2 protein chains.
Amino acid sequence: MTQRLDQQMAFLTEADKLKSVLRATTLADGSRRENSGEHSWHLALYALVLADQAPAGVDINRVIKMLLLHDLVEIDVGDVPLHSQNGLAHGSHDIQAAESAAANRIFGILPSDLADDLRSTWEEFERAETADAIFAKSLDRVQPVLQNLACGGGSWIEYNVTYDQLEGRVGAKVARGAPRVWDWVAQRAKAWFINRKISQ
Amino acid sequence: MTQRLDQQMAFLTEADKLKSVLRATTLADGSRRENSGEHSWHLALYALVLADQAPAGVDINRVIKMLLLHDLVEIDVGDVPLHSQNGLAHGSHDIQAAESAAANRIFGILPSDLADDLRSTWEEFERAETADAIFAKSLDRVQPVLQNLACGGGSWIEYNVTYDQLEGRVGAKVARGAPRVWDWVAQRAKAWFINRKISQ
């Protein structure tokens, strides 16, 4: 039992490194970049608070579990901003292979039953085929939009994003899991992009 | 429905402020103070990974929910370090009253059904009477011990804490909810305090 606890504690201390992985998105007040640890907390809170937006059959506790785990591979790979390299870097084969190796290393710190459980939950999130994973992905995509709206543009300005690009890279995935949430957000995002055009 | 979503989104943006509340504890590498948002994520991960340490009857999903919410009142009140003012500030009447007012304001941003649900969950955590809340509290108390062990002392040095004080302020509460976890941690903490005495 002690060896099991050794492994659990070693994993929890390793996970602490996620607090030092910085994302493209900032805090809502624009004061600094968000890290992937606090981002994961914020997403789990999104799931709690927006549970009534999940389609029937979604298990919100599994969604929360996915969101708590989903970025741990970034300890080795770093965050790959969605809008970087004109939107092409995020899902590339190289990044996926690196993330898979990271998952082997990081979840492999745990006792094998827990490692298998958490790794398969992470893979389910990545594949985005089940109802739980599709809803979890929609929250992961929509939170940065809210952060950018709150701070006045954020990573949209940095990566010179257009509304059509936002619709394609973000809107489609949010709408797939949480259509009414995307309707709410799209109205506000459209207004931001129109105002930016007028002021340029 | 739009008004409901307005309230949910306003709450989620307000919650972002927890990422700017700093704690006495540092990251495991000692590089900076931990904030209460990333701390809440870390605790939810503790619950996932240490679920097998919970007494029978504990609902780990409710524990995770409590841990995601437990520090939101700090947006208004700030973090009150456990070892500050010789351990007396943390549970004081003034702090409890301020936290209760903060809970009214912050959870009150939500639609009333959600506000009632999240506020009563937060109160259950604070009272620490149910099995779920007792286990959640034990994780909240043990994580800073792991952080201090990882970074070489951290807030124990800052507040000049003795092993007996740690045992009283922390150990009793961890042991109440997760006795084997405390046994594991106490061995390592004792060794740290003994080594510190020798080197002084």
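Residues numbered from 1 in each chain as written. Chains lettered and ligands numbered in written order. Predicted model: local features only at pLDDT ≥ 70, side-chain atom pairs only at ≥ 80, totals over all residues. Heavy atoms only, no water.

**Brief notes about helix H5 (residues 93–107) of chain B**
Residue and element names in this part refer to chain B.
Argument step 1. Taking 1.5 Å per residue as the helical rise, H5 with its 15 residues ought to reach 21 Å, and the 21 Å between its terminal C-alpha atoms agrees with that figure.
Argument step 2. Within H5 the residues assigned to the buried category are Ile-95, Glu-99, Ala-102, Ala-103, Ile-106 and Phe-107. The arc that holds every buried residue of H5, seen down its axis, measures 105 degrees, which confines them to one face. Structural note: H5 exposes His-93 and Asp-94 on the side pointing more than 90 degrees away from its buried face. (Helix = DSSP H or I, 4+ residues; strand = E, 2+ residues; numbered from the N terminus. Expected span 1.5 Å × (residues − 1). Buried < 20%, exposed > 50% of the residue type's maximum accessible area, 1.4 Å probe, protein only. Arc of directions from axis to C-beta.)

**Some words on the relation of the copies chain A and chain B**
Argument step 1. Of the transformation superimposing chain A on chain B, the axial component is 0.0 Å and the angular component is 180 degrees, with the fit at an RMSD of 0.0 Å. The superposition operator between the copies reduces to a two-fold rotation axis.
Argument step 2. Looking at chain A, 100% of its interface residues are interface residues in chain B too, so the copies touch through the same face. (Least-squares fit on C-alpha atoms with pLDDT ≥ 70 in both. Contact = heavy atoms within 4.5 Å.)

**Description of the interface of chain A and chain B**
Argument step 1. The interface of chain A with chain B comprises 52 residues on the first partner and 52 residues on the second.
Argument step 2. Taken together, the links from chain A to chain B amount to six salt bridges.
Argument step 3. One salt bridge connects Asp-6 of chain A with Arg-188 of chain B, and the closest N-O pair in it is separated by 3.4 Å.
Argument step 4. Along the contact surface separating chain A from chain B lie 28 residue pairs in polar contact (both at pLDDT 80 or more).
Argument step 5. Breaking the side of chain A that touches chain B down by element, the ones donating at least two residues are helix H1 (2–15), strand E2 (33–35), helix H2 (36–49), helix H3 (60–69), helix H6 (112–127), helix H7 (131–151) and helix H10 (179–199) of chain A.
Argument step 6. Here the residues of the side of chain A that touches chain B are counted per class, giving 28 nonpolar, 12 polar and 12 charged. (Salt bridge = Lys/Arg side-chain N within 4 Å of Asp/Glu carboxyl O. Polar contact = N/O pair within 3.5 Å; in protein donor to acceptor, adjacent residues only side chain to side chain. Nonpolar A, V, L, I, M, F, W, Y, C, P; charged D, E, K, R; others polar.)

**A short note on the packing of H2 of chain A against H3 of chain A**
All names here are of chain A.
Argument step 1. In contact at an axis separation of 8 Å, H2 and H3 are set at 170 degrees when each is read in the N-to-C sense. In this view, H2 runs roughly antiparallel relative to H3, as classed from their interaxial angle. Judged by residue contacts, Ser-40, Leu-43, Ala-44, Ala-47 and Leu-48 of H2 engage Ile-60, Val-63, Ile-64, Leu-67 and Leu-68 from H3.
Argument step 2. A class-by-class count of the residues in the contact of H2 with H3 yields nine nonpolar, one polar and no charged. (Axes fitted to C-alpha atoms, helices over the stretch in contact; angles between N-to-C directions. Parallel < 35°, antiparallel > 145°, perpendicular 65-115°, else oblique.)

**Looking at the environment of Val-73 of chain A**
Residues and elements named next belong to chain A.
Argument step 1. Examined against the element boundaries, Val-73 turns out to sit in the loop between H3 and helix H4 (74–77).
Argument step 2. With 26 residues separating them in the primary sequence, Val-73 and Glu-99 have C-alpha atoms 5.6 Å apart.
Argument step 3. Ignoring sequence-local partners within four residues, the contact set of Val-73 consists of Glu-99, Ala-102, Ala-103, Ile-106 and Trp-122.

**Remarks on the pairing of strand E1 (residues 22–26) of chain A**
Argument step 1. Among the five residues that make up E1 of chain A, four are buried, leaving the element largely enclosed by the rest of the structure.
Argument step 2. If you look at the hairpin formed by E1 of chain A and E2 of chain A, you'll find six residues sitting between the two strands, and Gly-30 of chain A has a positive phi there, around 70 degrees. (Pairing = 2+ DSSP bridges.)

**Here's the deal with the nonpolar core**
Argument step 1. Counting residues in hydrophobic clusters, the biggest one holds 120 residues, and the most contacted among them are Phe-11, Leu-72 and Leu-166 of chain A together with Phe-11, Leu-72 and Leu-166 of chain B.
Argument step 2. In this structure Leu-166 of chain A touches His-83, Val-145, Trp-156, Val-161, Gly-171, Trp-182, Ala-189 and Phe-193 of chain A, once residues within four positions along its chain are discounted. (Core = buried A, V, L, I, M, F, W, Y, C linked by side-chain atoms within 4.5 Å.)

**Side note on the pairing of strand E1 (residues 22–26) of chain B**
Argument step 1. As paired strands, E1 of chain B and strand E2 (residues 33–35) of chain B are joined by two bridges and run antiparallel to one another. The partner of Thr-26 of chain B across the bridge, within E2 of chain B, is Arg-33 of chain B.

**Considerations on unusual backbone geometry**
Argument step 1. A positive phi angle is found at Asn-160 of chain A, which is not glycine, with a value near 50 degrees.
Argument step 2. On the secondary structure map, Asn-160 of chain A appears in the loop between helix H8 (155–158) and helix H9 (163–177).

**Quick look at the pattern of salt bridges**
Argument step 1. By the definition in use, this model includes 32 salt bridges over all chains.
Argument step 2. Linking Arg-119 of chain A and Glu-123 of chain A is a salt bridge whose minimum nitrogen-to-oxygen distance equals 2.6 Å. Separated by four residues within a single helix, Arg-119 of chain A and Glu-123 of chain A lie in helix H6, roughly one turn from each other.
Argument step 3. One continuous salt-bridge network, built from bridges that share partners, spans Asp-16 and Lys-19 of chain A together with Arg-23, Glu-34 and Asp-79 of chain B.

**With respect to the packing of aromatic side chains**
Argument step 1. Scanning all chains against the criterion turns up 10 aromatic pairs over all chains.
Argument step 2. With a centroid separation of 6.4 Å and 25 degrees between ring planes, the pair formed by Phe-11 of chain A and Phe-107 of chain A is classed as stacked. Taken together, the positions of Phe-11 of chain A in helix H1 and Phe-107 of chain A in helix H5 (residues 93–107) put the pair 96 residues apart, joining distant regions of the chain.
Argument step 3. Given a relative accessible area of 1%, Phe-11 of chain A falls into the buried group.
Argument step 4. You can call Phe-107 of chain A buried: its relative accessible area is 2%.
Argument step 5. For the pair Trp-156 of chain B and Phe-193 of chain B, a centre-to-centre distance of 5.0 Å together with 45 degrees between the ring planes defines the contact as tilted. Pair noted here: Trp-156 of chain B is in helix H8 (residues 155–158) and Phe-193 of chain B is in helix H10 (residues 179–199), with a separation of 37 residues, a long-range link. Summarising the burial analysis for this pair, Trp-156 of chain B and Phe-193 of chain B share the class buried.
Argument step 6. The positively charged end of Arg-188 of chain A is found above the aromatic ring belonging to Trp-184 of chain A, 3.7 Å away from the centroid. (Phe/Tyr/Trp six-rings, centres within 6.5 Å; stacked < 30°, edge-to-face > 60°. Lys NZ or Arg CZ within 6 Å of the ring centre and 35° of its normal.)

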